[in-house]
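The lines below spell out each chain.
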Amino acid sequence: MAPNNNYISEISMPKMSWNLKVRVVRLWHVPDREKPESSNSIELIIQDEKGDRIHATTARAVMRIFKTKIHEMRLYFMKNFVVGPNNLKIKTNKHKLKLTFSHRTSVDEISDLHFSLNIFNFKPYEHLTNQLEVDENELFDVIGEVIGHGNIESYNQGGKTSTFMNLELEDHEYACNHELN
């Protein structure tokens, strides 16, 4: 990294003038509860060249600026964020802070063939099936094959309906099947 760029591990509050060279490793839209066809925000997980990650979000007020500019798997120079505590119920990474895009945030796509493409956070299959080791607030990747599935089921809790399907997965090391929700 050039001397004027920062690493994700250096990010602290209340400074806003962070200059990051990062890859967008995950990107998703959070739908509006009233209008599911509309987005409330764009959520990102960005990763620097050391492999450190942080959650970033674009609120509805600035989504139009960034929605066509930012794409998953691409590399960017990003700077000028609002830094705040990561109070998300489900944590997407271990960083205690998160970044929020503002009108002052700058995003420029770049190319660097030497920047790592190692974007996966693989865990062994037994990590997924061991109820004692699974942190339900952690995102990770597993390679497996869906070899069976159950019916789509729904349940209502606190006035909110959720749907789920049981899946049977198998990886390259296990001949036995494991059932997961």
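This write-up is about the structure you can find in this document. (Residues numbered from 1 in each chain as written. Predicted model: local features only at pLDDT ≥ 70, side-chain atom pairs only at ≥ 80, totals over all residues. Heavy atoms only, no water.)

Ring pairs (aromatic) are described by centroid distance and by the angle formed between their planes. Here the structure, examined in full by the defined rule, presents 4 aromatic pairs. Their ring planes at 75° and their centres at 5.5 Å tell us that Phe81 and Phe101 sit as a pair that is edge-to-face. One end of the pair, Phe81, is in strand E4 (residues 75-85); the other, Phe101, is in strand E5 (residues 97-110), with 20 residues separating them in the sequence. Classification of Phe81 as buried rests on a relative accessible area of 0%. Connected via pairs of aromatic rings, a cluster forms that spans Phe66, Phe81 and Phe101. Directly above the ring of Trp18 sits Lys15, whose terminal nitrogen or CZ lies 4.1 Å from the centroid. Over the ring of Tyr7 we find Lys50, and its NZ or CZ is 4.1 Å from the ring centre. (Phe/Tyr/Trp six-rings, centres within 6.5 Å; stacked < 30°, edge-to-face > 60°. Helix = DSSP H or I, 4+ residues; strand = E, 2+ residues; numbered from the N terminus. Buried < 20%, exposed > 50% of the residue type's maximum accessible area, 1.4 Å probe, protein only. Lys NZ or Arg CZ within 6 Å of the ring centre and 35° of its normal.)

This part takes up the environment of Leu99. One can find Leu99 in strand E5. Judged by its relative accessible area of 0%, Leu99 falls in the buried class. For the pair Leu99 and Thr57, spaced 42 residues apart in the sequence, the C-alpha separation amounts to 6.3 Å. Setting aside chain neighbours within four positions, we find Leu99 in contact with Ile11, Leu20, Ile46, Ile54, His55, Ala56, Thr57, Phe81, Val82 and Val83. (Contact = heavy atoms within 4.5 Å.)

For strand E6 (residues 145-157) and strand E7 (residues 160-170), the ladder comprises 10 bridges, and the chain directions are antiparallel. Of the residues in E7, the one forming a bridge with Ile152 is Met165. Counting the residues that bridge the hairpin from E6 to E7 gives 2 residues, and of these Gly158 lies at a positive phi of roughly 60°. (Pairing = 2+ DSSP bridges.)

Now for unusual backbone geometry. Along the chain, Met13 connects to Pro14 via a cis peptide bond; the corresponding omega equals -5°. Here Met73, not a glycine, exhibits a phi torsion of approximately 80°, which is positive. As for its position among the elements, Met73 is in the loop between helix H1 (60-66) and E4. Although it is not a glycine, Asn80 adopts a positive phi angle of roughly 65°.

Right, let's talk about the sheet that holds strand E1 (residues 19-31) for a bit. Strand order in the closed barrel made by the 5 strands is E1-E2-E3-E5-E4, with mixed pairing throughout. With direction set aside, neighbouring strand axes in the sheet form an average angle of 45°. Bridge analysis of strand E3 (residues 53-59) against E5 gives 4 bridges, and the strand direction is parallel. Within the sheet, the bridge partner assigned to Thr57 lies in E5 and is Thr100. (Axes fitted to C-alpha atoms, helices over the stretch in contact; angles between N-to-C directions.)

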